[in-house]
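Observations on the three-dimensional arrangement
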Amino acid sequence: MIRILKLNAATEKQLLRARQFRDTEAEHVAAKIIADIRKRGDAALFAWTKKLDRQNLNSKNIYIPCRGAALLRPSLPGRKNSSAHSVSPAFLRAIKHAAKNVRAVAEKQLPRPWSLTVEPGVTIRQSVRAIDTIGCYIPGGRHALVSTLIMTVVPAQVAGVKNIAVVCPHPNTELLAAADFLGIEKIAQIGGAQSIAALAYGTQSIPRVEKIFGPGNRYVTAAKQLVSSDCAIDLPAGPTEAVVLTNDGRADAAWIASDLLAQAEHAPDAGSFFVTTSTSLARRVQSEVETQFAQLPGANPAHVSMRKTGAILVAASVNQACDFVNRFAPEHLSLPGKDSDSLLKKCDAAGTIFVGPYAAQPLGDYASGSNHVLPTAGWARRRGGLSAADFVKCLTVQQINRTGFARLADDVQALATAEGLQAHSNAIEVRR
């Protein structure tokens, strides 16, 4: 049964400390794999893939083609071998719907060029340029996560990224079909720390990329952090986290329990928490969690994560509840009660926030348009979820004419002299 705990300093300290655990074992394994792949390239990549994923790969079979043409027209000539014929029309409709919404949001998120005359003769412009080559890691444990493909590839396309490399340890028909629809020509069937190393440093078969996107298991996360000094990464994406917050005693306990379980089933170490000041609602939610457990297969990870990691936290006041949420800074935050508007004003640290009883968390996981690659382990105190802005770089362009130079020169020389930088001052003096 999920625990009901009193929210106090000791409870909060225990919950926050659990997320500060450094996975040194995963780091050690990932570091060994990375070093080997940097040294031996494809040979190491194929060896580690055989050892860890039990796949016999070589340069000829590492990639699976996605067939290229638009899936929504499978009757086109030459489509007989397309993966479109192996998936349902309902799945194709869902892919189209989700991609459309993610694309619409990404287009709004994309930084815009601008130009500003800061003073006569001095113009500063922002030029937005896409990253040239990126890698998208698609988790492929029990099932390949088609949604992650959409969440990483679509914003990259909106940003104008030219080269998108996609890797997945176990790509299935649905993933290939979705990739086909998005215009991805092939997927490398590799995963784990070995795929991160291959993307970061390149091998004979895998191109070196400039930035890696997508969540993964503990070894993938460790590998991303280890290569981040040489290859940019999107954000730390550790175990899934969900917090549901309401003090509305009439909130639907079954709906709250369903959101907690939805995130809890991602992995045995996922963390789902319900925070409230209402003891009676806490007990009803606890009962609903147990009722809904019976509807899940015995092998569902939620059975482990809800009992091991999850908890219902009863706060003494609304302010205490909101203060905890802001310090915890969850990946997902739901405000399902009639008090959602007032709570939203008090909550300022979460990867994404769902407002209202119908804002079920899975809607955001798949199709609302908001990106589901989100910060975990408190990183939401420092940044939000993945957006189109993560796929571009904003260049500053400075244009200064004779008038602008004359207006700035004296002050720049005074500052350079104060810092003891004579060559800086000279660069101004020779232009007078």
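What you see as residue numbers is a count from 1 along each chain, following the sequence as written. This being a predicted model, a pLDDT of at least 70 is required before a residue's local features are given, and a value of 80 or more before pairs of side-chain atoms are given or counted; all residues contribute to the totals for chains, interfaces and linings. The side-chain values count all of the structure's non-hydrogen atoms but skip hydrogen atoms and water molecules.

What follows is about the sheet that holds strand β15 (residues 392-400). The antiparallel open sheet is built from three strands, whose spatial order is β3-β4-β15. Only two strands of the sheet have a single neighbouring strand rather than two, namely β3 (114-119) and β15. Adjacent strand axes in the sheet meet at a mean angle of 20 degrees, parallel and antiparallel pairs treated alike. Pairing between two strands requires that DSSP report at least two bridges joining them. In DSSP terms, a helix is any run of H or I states spanning at least four residues, a strand is any run of E spanning at least two, and both are numbered starting from the N terminus. Pairing between β3 and strand β4 (residues 122-130): five bridges, direction antiparallel. Bridged to leucine 116 within β4 is isoleucine 124. Against the sheet, helix α15 (residues 402-418) engages β3, β4 and β15, with an angle of about 90 degrees to β15. In this analysis an axis means a line fitted to C-alpha atoms, helices contributing only their contacting stretch, and an angle means the value between N-to-C directions, from 0 to 180 degrees. Only heavy atoms enter the contact rule, under which two residues are in contact if any of them lie within 4.5 Å.

Residue-level confidence of the predictor is what pLDDT reports, using numbers from 0 through 100. Put simply, the protein chain has an average pLDDT of 92, and 95% of its residues get 70 or more. Residue range residues 68-82 is modelled with pLDDT below 50. Its contacts to residues more than four positions away, or to other chains, number 27 contacts.

Moving on to the sheet that holds strand β10 (residues 241-245). Backbone hydrogen bonds are what pair the strands of a sheet, in a parallel or an antiparallel way. Spatially, the six strands line up as an open sheet ordered β1-β12-β11-β10-β13-β14, and their pairing is parallel. Edge positions in the sheet fall to β1 (3-6) and β14 (352-355), since each of these pairs with one other strand and no more. Between one strand axis and the next, the sheet turns by 20 degrees as a mean value, whatever way the strands run. Two elements, β10 and strand β13 (residues 332-335), share three bridges in a ladder whose sense is parallel.

With that settled, consider the nonpolar core. In terms of nonpolar packing, the biggest core is built from 43 residues, with Ile134, Leu149, Ile150, Val166, Leu175, Ile187 and Phe391 touching the most fellow members. At the level of elements, α4 (89-109), β5 (133-137), α5 (146-159) and α6 (173-182) are the ones that each hand at least two residues to this core. Take this core: its biggest share by element is nine residues, from α5. Among residues more than four places away in sequence, those in contact with leucine 149 are Ile138, Val154, Val166, Leu175, Ala178, Ala179 and Leu182. Nine residue types can take part in a nonpolar core, namely buried Ala, Val, Leu, Ile, Met, Phe, Trp, Tyr and Cys, and a core is a set of them joined through side-chain atoms within 4.5 Å. Here the term buried applies to any residue with accessible area under 20% of the maximum for its type, exposed to any over 50%, and partly exposed to those in between, with areas from a 1.4 Å probe on protein chains only. In this structure, Ala30, Trp48, Tyr137 and Ala188 belong to the second largest nonpolar core, which totals 31 residues.

Moving on, we come to a nonpolar patch on the surface. On the surface, Trp114, Leu116 and Val118 cluster together to form a nonpolar patch covering roughly 290 Å² of accessible area. Tracing the backbone through its elements, the reader meets leucine 116 in strand β3. Residues enter a patch when their relative accessible area is above 30% and they make no salt bridge; the linking distance is 9 Å between like charges and 5 Å between nonpolar side chains (Val, Leu, Ile, Met, Phe, Trp, Tyr). Using the Shrake-Rupley algorithm and a 1.4 Å probe, accessible areas are obtained, with residue cover drawn only from the displayed protein chains. We define a salt bridge as a side-chain nitrogen of Lys or Arg found within 4 Å of a carboxyl oxygen belonging to Asp or Glu.

A few words now on empty space enclosed by the protein. Think of a 1 Å grid over just the protein atoms. A cavity is a set of points where a 1.4 Å probe fits yet cannot get out, a pocket is an open set with protein on both sides within 12 Å along at least five of seven lines, and lining residues have an atom within 4 Å of a point. Grid points are joined across faces, edges and corners, and a volume is the space filled by probe spheres set on the points. Going through the model one piece at a time under the given rule, you end up with one cavity of 30 Å³ or more. In this model, the largest cavity occupies a volume close to 40 Å³. Lining the largest cavity are Gly214, Pro215, Gly216, Thr221, Lys224, Gln225, Ile233, Leu235, Pro236 and Ala237. It is helix α8 (residues 218-227) that contributes the most residues to the lining of the largest cavity, three residues altogether. Here the term charged refers only to Asp, Glu, Lys and Arg, the term nonpolar to Ala, Val, Leu, Ile, Met, Phe, Trp, Tyr, Cys and Pro, and the term polar to all other amino acids, Gly among them. Counted by class, the lining of the largest cavity contains five nonpolar, four polar and one charged residues.

Ring pairs (aromatic) are described by centroid distance and by the angle formed between their planes. For this analysis, a ring pair means two rings from Phe, Tyr or Trp (six-membered ring only for Trp) whose centres lie within 6.5 Å, classed as stacked if their planes differ by under 30 degrees, edge-to-face if by over 60, and tilted for the remaining angles. For the structure on display, the rule yields four aromatic pairs. Arranged with centres 5.1 Å apart and planes meeting at 65 degrees, the rings of tryptophan 255 and tyrosine 358 form a pair that is edge-to-face. Of this pair, tryptophan 255 sits in helix α9 (residues 253-264) while tyrosine 358 sits in the loop between β14 and α14 (361-366), placing them 103 residues apart in sequence. Taking relative accessible area as the criterion, tryptophan 255 reaches 38% and is therefore assigned partly exposed. An angle of 35 degrees between the planes, with centres 5.6 Å apart, marks the rings of phenylalanine 324 and phenylalanine 328 as tilted. Taken as a pair, phenylalanine 324 and phenylalanine 328 lie in helix α12 (residues 318-328) at a separation of four residues, close to a single helical turn.

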